[in-house]
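# Architecture at a glance
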Amino acid sequence: MTIDVSEIPAGAHLINGQWLQTGEVAVSSNPARPSQPVGEYSSGDASVASDAVGAALDTKVSWRDAGFKQRAAILERAAVLFEERADELAAILTLEEGKTLGESRGEAMASAETCRYQAAIIKMSSESIYPSAKPGETIRTLRAPLGVVGVITPWNFPVLIPVWKIAPALAAGNTVVWKPASNTPLVAVAVAKVFQDAGVPAGALNLVLGPGSMGNSLVADDRVDGVTFTGSVPVGFSIRDTVTARNGRVQLELGGHNPSIVFDDADLDYAVPMVVNGAMGSTGQKCTATRRIIAVGDVYDELVDRLGAAVRELRVGDGLDPETAIGPIVSTRARAEVAEGLDKAKAQGAEVVATASIPDTSDCYFAPTLLTGTTDLDIWTEEVFGPISTVVRVDSEDEAFALANDTVFGLSASVFTNDLWRIDRAVNELEAGLVKINAPTTGSELHVPFGGEKQSSGHAAREQGDTAHDFFTRTRSVYINPGRPRP
Ligand code: NAD
């Protein structure tokens, strides 16, 4: 597939409805074709972030007072535009991030679904009425918008993750300053353009492009009432400390180290493709990717053989090629970190069972790799954000559940079994925000709450689904009296 990169909108900030090219000119690169940059963008700084917060603050009252019906209508139009522009968005996403066109298109379509769902949800009341001890008094709750919300997002789902934060934030009447990851600025511009063209008024959604330090100034800004962040643990924790120190509200979605337990009664024809997809899909660059495979008892040998065979067959290449199953890693820097993780695992005694072959046309390709080893490996406990998964053998169900939970993370966990008692145990014992039975650790539905436990999330409200509004609203208790004695 050939894409005309001149069609991609110039990488500018969106502040108060104006596209501004302020700051240094930076280049957005294509991990599959290093010699063909995707385009240029303006990389801003703290003053750009501050201007965007000012615009969001100035628009806060008018957007709140626009009312739910107008906000819902705008989100419904955004849903239509995400569908109409799905191919264009997918092309830019694949060029910048590397994932396959099918995966990229899926993000655009899921964004449409999210906008439509969030538009519908705000038409339903989440407020309550309480009885009062006083004659004539009405007591009700009010869900007021949080105010100005900072949205900071990673590069691995550069369309869908921002939309599942921005759509409910806008729906609930907040104004937004969004800072996307610096690896994927141009697709962020295309997403912001969808909202602008759908009718989001000037200042209600602002986009600022730039490095992490710009995000830092956004979260430190007292005028920002809440920050919703998805990304790595260290950055997330530093954001939490900054925002909570100034008594702001923070929502974190961080790393994962997700296990799939395969029991000896599992149907391997069914389980193996799912485990491989969970581990290697999107080049292993999913927070919910299967990093740890726990084989229980006699299933170990056959499982390792069959997983290895499936990994060898994975077709790695340019995401624009329809035959490609696995794209490159997002950047040479990210690839170096994954390679370092693998080298360390091998030095600590991990055995490489299988790798897929990779093209030599870019330094960002990394061979999907299946390892076997023991729980002493660092890679068994630390998130390496790429297509590497490790199989460990245990002998009993008790050991399997204990090992699955033996991690600081708690994002997703899955089991493969046909035994209803084991399923019941998994549902009740696995310490993860997503528990998947006979399904990969990856994948979730947009109308269902999403989030992790332990270090995988902050302790604020869940994202997505009907719980998304909890973070973006303040509950107020309102007491209304008649104002004069009963005649
Ligand atoms: P990252 O933490 O490096 O960056 C995320 C965002 O934070 C980017 O926009 C970045 O520019 C910004 N940032 C960096 N330093 C900052 C600072 N000091 N202050 C404010 N903002 C700052 O993460 P990444 O490399 O883009 O993404 C990969 C990570 O994201 C992985 O750890 C993955 O597990 C996690 N992730 C989690 C989920 C989830 O839902 N739990 C989903 C996707 C990715």
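Residues numbered from 1 in each chain as written. Predicted model: local features only at pLDDT ≥ 70, side-chain atom pairs only at ≥ 80, totals over all residues. Heavy atoms only, no water.

## Points about the pattern of salt bridges
Here is the rule we go by: What makes a salt bridge here is a side-chain nitrogen of Lys or Arg within 4 Å of a carboxyl oxygen of Asp or Glu, nothing more. Each helix corresponds to a stretch of at least 4 residues labelled H or I by DSSP, and each strand to a stretch of at least 2 residues labelled E; elements are numbered beginning at the N terminus. The buried label applies to any residue whose accessible area, calculated with a 1.4 Å probe on protein chains only, is under 20% of its type's maximum; exposed applies above 50%, and partly exposed to all values in between.
All chains considered together, the criterion is met by 29 salt bridges. Taking the shortest distance from any N to any O, the salt bridge between E83 and R116 comes out at 2.9 Å. Here R116 lies in helix α4 (residues 101-121) and E83 lies in helix α2 (residues 68-84), a separation of 33 residues in the sequence. Exposure remark for E83: the relative accessible area of 32% places this residue in the partly exposed category. Of the residues examined, R116 reaches a relative accessible area of 36% and is grouped as partly exposed. One salt-bridge network, held together by shared partners, links D264, D265, E397, D398, R422, R425 and E429.

## Side note on the packing of α2 against helix α5 (residues 160-171)
Note the threshold: Fitted lines through C-alpha atoms serve as axes, helices being fitted only where they are in contact, and the angles separating the N-to-C directions of these axes extend from 0 to 180 degrees. Roughly parallel covers angles under 35 degrees, roughly antiparallel covers those over 145, roughly perpendicular covers 65 to 115, and oblique covers all other angles. In this description, contact between two residues means that some pair of their heavy atoms is separated by no more than 4.5 Å.
Where α2 meets α5, the closest approach of the two axes is 9 Å, and the angle between their N-to-C directions is 155 degrees. The orientation of α2 with respect to α5, classified from their angle, is roughly antiparallel. The segment α2 lies against α5, with R71, L75 and F82 engaging V163, A167, L170 and A171.

## Concerning the packing of aromatic side chains
Worth spelling out the cut-off: Working definition: rings of Phe, Tyr and Trp (its six-membered ring) pair if their centres are within 6.5 Å, and the pair is stacked with planes under 30 degrees apart, edge-to-face with planes over 60 apart, and tilted otherwise.
Counted by the stated rule, this structure contains five aromatic pairs. Seen in terms of ring centroids, W164 and F450 are 5.5 Å apart; in terms of plane orientation they differ by 50 degrees. Their pairing is tilted. Linking W164 in helix α5 with F450 in the loop between β19 (434-437) and β20 (453-454), this pair joins segments that are 286 residues apart in sequence. Both residues of the pair, W164 and F450, count as buried.

## Focus: the side chain of E97
Here is the rule: Within this scheme the basic residues Lys and Arg register as positive and the acidic residues Asp and Glu register as negative, but His and the chain ends are omitted. Definition of a polar contact: a pair of N or O atoms within 3.5 Å, with one able to donate and the other able to accept a hydrogen when the atoms are protein atoms, and with sequence-neighbouring residues admitted only if both atoms are side-chain atoms.
Counting through the fold element by element, E97 comes out in helix α3 (residues 86-97). One buried charged side chain, E97, makes no salt bridge at all; its nearest oppositely charged neighbour is K99, positioned 4.7 Å away. In terms of polar contacts, E97 uses its side chain to reach the backbone amide nitrogen of K99, at 3.0 Å. Discounting chain neighbours no more than four positions away, the residues touching E97 are P31, W155, N156, T184, Q285, P328 and V330.

## Quick word on the domain arrangement of the protein
Short version of the rule: In this document the domain limits rely on a domain assignment from an automatic tool or a database. Put simply, buried area is the surface a 1.4 Å probe can reach on two separate parts but cannot reach once they are joined, added for both.
The domain architecture assigned to the protein consists of domain 1 (13-254 + 458-477) and domain 2 (258-437). Centre-to-centre, using C-alpha coordinates, domain 1 lies 31 Å away from domain 2. With 21 residues of domain 1 at the contact, the number on the domain 2 side is 23 residues. Buried surface at the junction of domain 1 and domain 2, both sides included, amounts to about 1,700 Å², of which 60% is carbon and sulfur. A per-residue breakdown of the area domain 1 buries against domain 2 is headed by P31, A32 and W155, which together make up 27% of the total. At the junction of domain 1 with domain 2, the criterion picks out one salt bridge. The partner of D318 in a salt bridge is R33, with the nearest N and O atoms 2.7 Å apart.

## Quick notes on the nonpolar core
Inclusion rule: Nine residue types can take part in a nonpolar core, namely buried Ala, Val, Leu, Ile, Met, Phe, Trp, Tyr and Cys, and a core is a set of them joined through side-chain atoms within 4.5 Å.
F82, C115, W178 and F195 are the most contacted members of the largest nonpolar core, which has 55 residues in total. Top contributing element to this core by residue count: helix α6 (residues 185-198), with ten residues. Among all residues touching F195, those that are not within four sequence positions of it are L75, A78, F82, C115, V163, I166, L170, V200 and L205. By size, the runner-up hydrophobic cluster in this structure holds 32 residues, among which are F366, A400, A426 and L430.

## Thoughts on the pairing of strand β10 (residues 226-230)
Defined as follows: The pairing criterion is simple: DSSP has to find at least two bridges between the two strands. By convention, orient the strands away from the viewer: a clockwise path from the first strand over the helix to the second makes the crossover right-handed.
Where burial is concerned, most of β10 is hidden: five out of the five residues are buried. Burial along β10 is two-sided: the residues G226, T228 and T230 and V227 and F229 are all buried. Sheet topology places strand β7 (residues 148-152) next to β10; four bridges connect them, and they run parallel. Considered in β10, the bridge of I152 is made with F229. With five bridges joining them, β10 and strand β11 (residues 249-253) adopt parallel strand pairing. Paired with F229 across the strands is L252, a residue of β11. The handedness of the β10 to β11 crossover, carried by helix α8 (residues 233-245), is right-handed.

## Focus on the side chain of T324
Within the element layout of this structure, T324 appears in the loop between α10 (299-312) and α11 (332-347). Apart from the residues within four sequence positions on either side, T324 is in contact with T100, R315, V316, G317, D318 and G319.

## Some words on the pairing of strand β13 (residues 290-296)
Here β13 lies mainly inside the structure; seven of its seven residues are buried. Here five bridges tie strand β12 (residues 258-262) to β13, and the two strands are oriented parallel to one another. Bridge pairing in β13 links V262 to A295. Taking the sense of rotation as the criterion, the β-α-β connection linking β12, helix α9 (residues 268-280) and β13 turns out right-handed. By the bridge criterion, five bridges tie β13 to strand β16 (residues 388-394) in an arrangement that is parallel. Paired with V296 across the bridge in β16 is V394.

## Quick notes on the layout of surface pockets
Where empty space is left can be seen by rolling a probe of water-molecule size over the atoms. Worth spelling out the cut-off: Here a cavity denotes grid points, spaced 1 Å and computed from the protein atoms alone, that fit a 1.4 Å probe unable to get out, and a pocket denotes an open set having protein on both sides within 12 Å along at least 5 of 7 lines; residues with an atom within 4 Å of a point are the lining. Grid points are joined across faces, edges and corners, and a volume is the space filled by probe spheres set on the points. Under the scheme applied here, ten amino acids are nonpolar (Ala, Val, Leu, Ile, Met, Phe, Trp, Tyr, Cys and Pro), four are charged (Asp, Glu, Lys and Arg), and all others, including Gly, are polar.
In this structure, the largest pocket occupies an estimated 1,300 Å³ of space. Forming the boundary of the largest pocket are 44 residues, of which W155, S232, V235, R333 and E337 lie nearest the centre. Elements that contribute at least two residues to the lining of the largest pocket include exactly α7 (212-220), β10, α8 and α11. A per-element tally of the lining of the largest pocket places α11 first, with eight residues. Across the lining of the largest pocket, the residue classes tally to 20 nonpolar, 15 polar and nine charged. Each of two domains, domain 1 (13-254 + 458-477) and domain 2 (258-437), supplies a minimum of three residues to the lining of the largest pocket.

## Regarding α4
Where we set the bar: What a helix is expected to span follows from its residue count: subtract one and scale by 1.5 Å.
Compared with the 30 Å implied by 1.5 Å per residue over 21 residues, the 30 Å span of α4 between its first and last C-alpha is a close match. Every buried residue of α4 is listed here: L101, S104, E107, A108, A110, S111, A112, T114, C115, Q118, A119 and I121.

## Looking at the sheet that holds strand β21 (residues 473-480)
If you walk across this open sheet you meet the three strands as β5-β6-β21, and the pairing is antiparallel. What marks the edges here is a single partner per strand, and that holds for β5 (129-130) and β21. Judged from the eight bridges that link them, strand β6 (residues 138-145) and β21 form a sheet pairing that is antiparallel. Its bridge partner being in β21, T138 is matched across the sheet by I480.

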